[in-house]
Amino acid sequence: MVVANQKGGVGKTTSTVNLAASLALHGARVLVVDLDPQGNASTALGIDHHSDVPSIYDVLVDSRPLSEVVQPVKDVEGLFCAPATIDLAGAEIELVSLVARESRLQRALSAYEQPLDYVLIDCPPSLGLLTVNALVAGAEVVIPIQCEYYALEGLGQLLRNVDLVKGHLNPTLHISTILLTMYDGRTRLASQVAEEVRSHFSNEVLRTNIPRSVRISEAPSYGQTVLTYDPGSSGALSYLEAAREIALRGAHPHQEQHSTVEGKQ
Ligand code: ATP
Ligand code: MG
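Calculation rules
Residues numbered from 1 in each chain as written. Chains lettered and ligands numbered in written order. Predicted model: local features only at pLDDT ≥ 70, side-chain atom pairs only at ≥ 80, totals over all residues. Heavy atoms only, no water. pLDDT = per-residue confidence, 0-100. Contact = heavy atoms within 4.5 Å. Patch = residues over 30% accessible without salt bridge, like charges linked within 9 Å, V, L, I, M, F, W, Y side chains within 5 Å. Areas by Shrake-Rupley, 256 points an atom, 1.4 Å probe, with all protein chains shown as cover. Salt bridge = Lys/Arg side-chain N within 4 Å of Asp/Glu carboxyl O. Helix = DSSP H or I, 4+ residues; strand = E, 2+ residues; numbered from the N terminus. Buried < 20%, exposed > 50% of the residue type's maximum accessible area, 1.4 Å probe, protein only. Near = heavy atom within 4 Å. Polar contact = N/O pair within 3.5 Å; in protein donor to acceptor, adjacent residues only side chain to side chain. 1 Å grid on protein atoms, 1.4 Å probe; cavity = no way out; pocket = protein on both sides within 12 Å on 5 of 7 lines; lining within 4 Å. Points joined across faces, edges and corners; volume = space filled by probe spheres on them. Nonpolar A, V, L, I, M, F, W, Y, C, P; charged D, E, K, R; others polar. Core = buried A, V, L, I, M, F, W, Y, C linked by side-chain atoms within 4.5 Å. Axes fitted to C-alpha atoms, helices over the stretch in contact; angles between N-to-C directions. Parallel < 35°, antiparallel > 145°, perpendicular 65-115°, else oblique. Pairing = 2+ DSSP bridges. Disulfide = S-S within 2.5 Å.

Trainee: I'm lost on the confidence of the model for the chain in this one. Help?
Mentor: In low-pLDDT regions, the fine details of the predicted coordinates are not to be read closely. Averaged over all residues, the pLDDT of the chain is 93; the fraction at 70 or higher stands at 95%. Here residues 254–265 scores under 50 on pLDDT; set against residues more than four positions off or in separate chains, the count is seven contacts.

Trainee: Honestly, a nonpolar patch on the surface in this entry has me stumped. Any pointers?
Mentor: Side chains of Tyr-149, Tyr-150 and Leu-189 sit close together on the surface and give an oily, nonpolar patch of about 360 Å² of accessible area. With respect to the helices and strands, the residue Tyr-150 is situated in the loop between strand S6 (140–146) and helix H7 (155–168). The class of Tyr-150 is partly exposed, set by a relative accessible area of 49%.

Trainee: Just to check I follow, could you spell out the site of ligand 1 for this structure?
Mentor: Looking at ligand 1, there are 18 residues lining it, with Lys-12, Thr-13, Thr-14, Pro-211 and Ser-213 nearest. A distance of 3.0 Å is found between an oxygen atom of ligand 1 and a backbone nitrogen or oxygen belonging to Gly-11. Within the side chain of Asp-36, a nitrogen or oxygen atom sits 3.4 Å from an oxygen atom of ligand 1. Listing elements by their share of the shell around ligand 1, those giving two or more residues are helix H1 (12–25) and helix H9 (214–218).

Trainee: I would appreciate a short explanation of empty space enclosed by the protein in the present structure.
Mentor: Empty pockets left among the atoms are what a rolling probe the size of a water molecule brings to light. For the structure shown, the criterion picks out one cavity of 30 Å³ or more. In this structure, the largest cavity spans a volume of roughly 40 Å³. Taken together, Ala-44, Leu-45, Val-73, Lys-74, Asp-75, Val-76, Gly-223, Gln-224, Thr-225 and Thr-228 make up the full set of residues lining the largest cavity. Taken together, the residues that form the lining of the largest cavity break down as four nonpolar, four polar and two charged.

Trainee: Looking at this model, I keep getting lost on the nonpolar core. Mind explaining?
Mentor: Counting 51 residues, the largest nonpolar core has Leu-35, Ile-56, Leu-60 and Leu-66 as the members making the most contacts within it. Looking at this core, the element that brings in the most residues is helix H6 (residues 129–137), giving six residues. Apart from the residues within four sequence positions on either side, Leu-66 is in contact with Leu-31, Ile-56, Val-59, Ala-82, Ala-108, Leu-109 and Tyr-112.

Trainee: Looking at this structure, I do not really get the environment of Gly-185. What am I missing?
Mentor: Mapped onto the elements, Gly-185 comes out in the loop between strand S7 (174–181) and helix H8 (188–200). The exposure class assigned to Gly-185 is exposed, which follows from its relative accessible area of 55%. Separated by 24 residues in sequence, Gly-185 and Asn-209 place their C-alpha atoms 9.7 Å apart.

Trainee: What is the right way to look at the packing of H1 against helix H11 (residues 234–251) in this model?
Mentor: In a pair of packed helices, the angle between the axes and the distance between the axes together describe the arrangement. For the pair H1 and H11, interaxial distance at closest approach is 9 Å and the crossing angle is 70 degrees. In terms of orientation, H1 and H11 fall into the roughly perpendicular class. Along its contact with H1, which presents Thr-14, Ser-15, Asn-18, Leu-19, Ser-22 and Leu-23, the element H11 presents Tyr-239, Leu-240, Ala-242, Ala-243, Ile-246 and Ala-247. For the contact of H1 with H11, the residue count by class is eight nonpolar, four polar and no charged.

Trainee: Explanation requested: the pattern of salt bridges in the structure shown.
Mentor: Scanning the model with the defined rule gives seven salt bridges in all. Here Glu-218 and Arg-215 are joined by a salt bridge, their closest N and O atoms 2.7 Å apart. Of this pair, Glu-218 and Arg-215 both sit in helix H9, three residues apart, which is roughly one turn of that helix. With a relative accessible area of 26%, Glu-218 lands in the partly exposed category.

Trainee: What exactly am I supposed to notice about the sheet that holds strand S5 (residues 118–122) here?
Mentor: Sheets are built from strands paired through backbone hydrogen bonds, the pairs being either parallel or antiparallel. Read from one edge to the other, the open sheet built from seven strands follows the order S3-S4-S2-S5-S1-S6-S7, with strand pairing classed as mixed. A strand with exactly one partner marks an edge of an open sheet, and here the two such strands are strand S3 (71–72) and S7. H7 rests against S6 and S7 of the sheet, and its axis sits at about 175 degrees to S6. Of the strands in this sheet, S5 and S7 are in contact with H11, which crosses S7 at around 165 degrees.

Trainee: I keep staring at the state of the cysteines and nothing clicks. Help me out?
Mentor: In this structure the tally under the stated criterion is zero disulfides. Cys-123 forms no disulfide, and the closest cysteine sulfur to it belongs to Cys-81, at a distance of 14 Å.

Trainee: What should I look at first to understand the pairing of strand S2 (residues 30–34) in this one?
Mentor: Both faces of the sheet carry side chains from a regular strand, because those side chains alternate between them. Among the five residues in S2, five count as buried, and that is most of the element. What you see with S2 is no split at all: Val-30, Val-32 and Asp-34 on one side and Leu-31 and Val-33 on the other are buried throughout. Pairing of S2 with S5, which is carried by five bridges, proceeds in the parallel orientation. Looking across to S5, one finds that Leu-31 is bridged to Val-119.

Structure below.
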């Protein structure tokens, strides 16, 4: 699952790590690939990512096997992370002159031999070669949307990029999931934005919204997901519920679609 939106600060990283932890807590084996030079997903999972740590940069630029950079996440059985270091900031330019520059991540993932149920890729807030690598490697795209005024601006460009990659490099790629984040039910704006997104993407939007929650935003400073930081909080419960929807859709994609259509009628 490619977690992407070129808009910054919409909840990509927060959603990646918390959905991944939710799936792992239910017994799945899950790998988080941190594809953002900021390394926020690595931080949130408590993974060391100073510049000497073997990282996804080495995988993309030096063809190092993914298995040599993957680290287990403390506290959550079955959860793993391929960290990003600041080196990755240069990869966007270094990749340009390399062969198969768009499919380096895809090659690394297909050569990875450990059993996995899910791979979640946290993208940077841009549509450059790093995000293209994620789109080529992925099966589906998950778009977090922050329930604020400019939410839908720029979304068209992301959709066009997904179509381009689908047309040329990865024919099965599709947008499977839209997740509404930082939802504040008390404001009219949030519910208006949610309504508008639902009217455009009725099949893709998850029923579960992620509420704005202080616990969610505090968790990364302890190197934890909200699932271990405060398992009973509304934020933790909403990510668990969103992950449940994703897992059920994956298991019965047609049934789920059918029931959504019926629900609308
Ligand atoms: P970037 O584009 O920089 O990678 P992003 O899309 O990955 O950003 P996050 O880093 O996940 O976005 O979130 C942006 C900020 O909003 C962070 O400080 C995060 O802690 C906070 N945040 C995310 N989700 C919530 C939430 N549901 N409630 C409160 N704060 C949140
Ligand atoms: Mg991020």
